[in-house]
Amino acid sequence: MNWWPETQANGCVSELSPAELVVRHQDGIWRYLRLLGCDAATADDLTQETFLRVLRRDNFVQHSDEATSEYLRRTAYNLLVSYHRKFGRIHLSDSPELLDESWQRWAGKDLTGNETVEALRECMESLTERARDALAMRFVHNTPRVKIGENLGISDHGARNLMQRAKAQLRDCVEEKLRAITQPS
Amino acid sequence: MNTNPSPADPHNEGPENQGSDSLRDDAMLDLLLQEAFGGPTPPDQTGIILQRLADEDEGSHTKRTGSKNGSVSATSQPSKYTSKLSIVTLLIGTAAALLLSVGIAVGLKYRSDLALQAQAEEAAQNAPTVPGPAPLVENEGNGTSPQPKSAPRERRQPIELAGNPSSNNADDPGSLTDASPESLDQPTIQHDRNSGSPPPITLVSKTVDTRWQSHWKRLGISPTPSRDNESIRQELADRLGIEVPADAIGDAAAIRVAIQKPSNRQAISNRLLASFLGKNSQNENATKSLSEVLKSGTGADRLIASWMRPSQTTPKAGDQASDSKTSAATPWIRMLQPADLHEVTVKTAALTNHQDLRCQRCHDVPNAGDEVPTQADYWSVAAGLAPLLNPSRAGKDLFYDTLDGRRQLASPPTEEQSKAWSKDLVGSRELAKGIVSTLFTMVHDSPSTTSPFDLSVASAASVPPETLRPLVDDLIASDFDVLRCLSILLSDAVMTRSVPEAMSPQGIVVADDEQWSNAVSAVHAMAARSPFRRPESVQRRLQVAQLDAKPNWPAGSGRDALLAQPLGSEMTTDGSASGSGDRRPDKNRDRKTVVASTGYPMRSSMIVPAWISRLPDFDSRLDHVAHLAGQLKLNTAQRELAHQALASGDDEALIFERLWWIIRPNS
């Protein structure tokens, strides 16, 4: 899956239309807001607001895809800070620079995270059924770790180790796949 | 499905020694894993965003002509968009700026140069000021919350601190603007409590009496002649439970000595506390403290300020405090319980800031001027009191709905403002007004102030502020000697008035409508004493009303059976209409005598404000009468009674007046 418009994929720097800009970056901004701790509805709202803020600006210039993505993320971060001040519900503990480092590692390849999610789905096939069940309980049903252990017939620590190993395996797998995508054969 | 991928997720099963980078990576992986397992995914919002952009461009094109920055546009609101961050802020900010400009313009136009100068001098002199609920309201100093607010109205100048040696009541801008021509002719008795001893009590008493005479003269009402001392002595004993020698009646100094006796002080403490609270209280500690303050003759302000401060004191068993009572953070709220937030807000503002907040829970009071608090003010006070009433609400947001359907976030006071508020009550003029108003109602069984929106009396006949101002000045000057203030009220010209002839036992029978109307007007203007004694208990008043309204309809036959009867008929115990020969006129006469002696309205005499008739239905009008009594709604029995009266053909104005007679608070 590749969301780059052809001109961008070929390395040319040309300005995207508003529609292209939204299509190109909205997934990335939404996931970035989720990384910052937003629930899905808040991420929806702030994603809209981010694009509106940027597109309203007459002096907004698209230097490059990366720069645009970074500018959008910074706008989203600032909007979330305002939101936090207004409602006092979301706590931001990290600076945008630190968050960007992590973001770049995971979603920087395509600036949206779509490739990573796709890679993750493929990598999950390589997990044992038991590990997949544990992660499903954790991420689908939000089951407490003790309960996960009980369901799988193992201890609390056993469940923790199982999920740690599964996630480590997934991380390695995803990194491998992303590396393969960015290194053309 | 867990849809909240917070980095601080307690589910985090990563190694304990992992660094913050790993934690962030883990949070990112968790987020992506959620998506991979079917959790929330990024929606395609392209259409929505472009539509919003197009709407704004179209709708605000003319507005933004000449403006390079399109971000000021605030026109369209698609349904999905809920946070409305910048747009609401801009709208509210613009409205606030406009209102502020209008307020300043109006202020400049109508304030005389002299008043402005006095205010400026006062502001410069009185660094420590006592803001009242207004400080609870104002939150501009809180730099952490740039949230949208309702446009604030122009505020009156902060009230001067009575204990401030530099303050001078003569410079009070309120005195300059509110004083009537008559009051300016009165001898000046305003003293600062630190500037020496207060004026002689007889001088204050005489000044108050002179102002009453001016008030009645202005209204064109002739006060009734003075009644005999024995009658007044009896009334004081019956209504307030105090024993005053007959020869002391009419002499403020002598009454001051008489009510200082322990038995009288105890009775006054009980009554006064009940008047502060608007209901009976069993709080022995508070009564005892109040009695001690009355005995000492100073410091009622300090006692009330201490009630408003959060304390960790655990009530003793003798207080009969329940768990809910002990959870409240201040003695004042513990005394008020059981009470909802509205009751606490209204009563607190009434006592400590002499403000009427009965209507502002739901809407602003229209055409009320700059000094009347707004709905935003109400909710600011409520937001400050909510955590004191219920500590579990601490730190939680308080939202309210405006009449136009918007939802607003109440601006709570900062911690410093809350502390300063209770501290600044000491010596506060607004608190002094609240105490005098409470004492007035306690003594004369009528509110000292009404608004044009009230049901009490015609606003023209309500007590003008300058009449009671000498009492407020004297209370401050005497370091809040409540008994002194009370003794002046007990000896004033109102207390010594006699019952009008039309309301005497013989007069009621022979008086025509005009005579009756004049008598009612005189009573409303405090120029005559009402012969009627309203029962103190709401329950008892309701019983009286039911006694008048309800014939002997049998239990179980229901209201419908009653309402099917011809007006004025009664039913026997078996449900059949009684014949004229079966009636029991003696019992009827006794019942009517009992009802009449309480002052239960028999004919409509109040002016029902026009706004009530604009309400859509009868139930809504009933609820608003309840709001005027500080209640959120009527109880079932009261509502039933009103509906019964309406169905039997009673005039709505009379129904409201009767309802008001039942539910009107004692203070």
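Quick caveat: nothing in here was measured; it's all calculated off a predicted structure.

A. Region of the structure containing the overall build of chain B. Each helix and strand in chain B was counted, giving 30 helices and four strands. Buried residues in chain B amount to 49% of all 667 residues. When contacts within chain B are restricted to residue pairs at least 6 apart in sequence, those whose partners lie at least 24 apart make up 69%.

B. Broad picture of unusual backbone geometry. Residues and elements named next belong to chain B. Here Gln-337 and Pro-338 are connected by a cis peptide whose omega angle stands at 0°. With phi around 60°, Phe-480 is a residue other than glycine that occupies positive phi space. Here Phe-480 lies in the loop between α20 (465–477) and α21 (482–490). The phi dihedral of Met-526 is positive, around 65°, even though this residue is not glycine. By secondary structure assignment, the location of Met-526 is in the loop between α23 (513–524) and α24 (538–549). The class of Met-526 is buried, set by a relative accessible area of 4%.

C. The arrangement of the pattern of salt bridges in detail. Tallied over the full model, the rule gives 33 salt bridges over all chains. Residue Arg-52 of chain B is joined to Glu-49 of chain A by a salt bridge in which the shortest nitrogen-to-oxygen separation is 3.6 Å. With one member in each of two chains, Arg-52 of chain B in helix α2 (residues 46–59) and Glu-49 of chain A in helix α3 (residues 40–56) form a pair that bridges those chains. On the accessibility criterion, Arg-52 of chain B (1% relative accessible area) is buried. Close ionic contact of Asp-623 of chain B with Arg-639 of chain B constitutes a salt bridge, the shortest N to O distance being 2.5 Å. Within this pair, whereas Asp-623 of chain B is found in helix α28 (residues 618–628), its partner Arg-639 of chain B is found in helix α29 (residues 636–647), the two being separated by 16 residues in sequence. Each of Arg-138, Lys-167 and Arg-171 of chain A together with Asp-26 and Asp-30 of chain B takes part in a single network of salt bridges with overlapping partners.

D. The confidence of the model for chain B, seen in detail. Residue and element names in this part refer to chain B. When pLDDT is averaged across chain B, the result is 71; 64% of the residues are at 70 or more. Here strand β1 (residues 129–130) is the element of chain B with the lowest mean pLDDT, 32, and α21 is the one with the highest, 94. Predicted confidence for residues 61–86 stays below pLDDT 50, and this span has 49 contacts to residues more than four positions away or in other chains. Taken together, the stretch residues 314–325 has pLDDT below 50 and engages in 13 contacts with residues farther than four places along the chain or on a different chain.

The rules behind each value
- All chains use their own residue numbering, which begins from 1 and follows the written sequence.
- Here every chain gets a letter starting at A, and every ligand a number starting at 1, in the order they are written.
- With pLDDT at 70 or above as the cut-off, local features in this predicted model cover only qualifying residues; side-chain atom pairs require 80 or more to be listed or tallied, and sums for whole chains, interfaces and linings still use all residues.
- As a rule here, side-chain values cover all heavy atoms of the structure and leave hydrogens and water aside.
- Labels follow the DSSP assignment, with helices taken as runs of H or I lasting at least four residues and strands as runs of E lasting at least two, numbered in each case from the N terminus.
- For each residue, the accessible area found with a 1.4 Å probe, counting protein chains only, is set against the maximum for its type, and the residue is called buried under 20%, exposed over 50%, and partly exposed in between.
- We call two residues in contact when some of their heavy atoms are within 4.5 Å.
- Any Lys or Arg side-chain nitrogen found within 4 Å of a carboxyl oxygen on Asp or Glu counts as a salt bridge.
- The predictor's confidence in any single residue is recorded as pLDDT, a number from 0 to 100.

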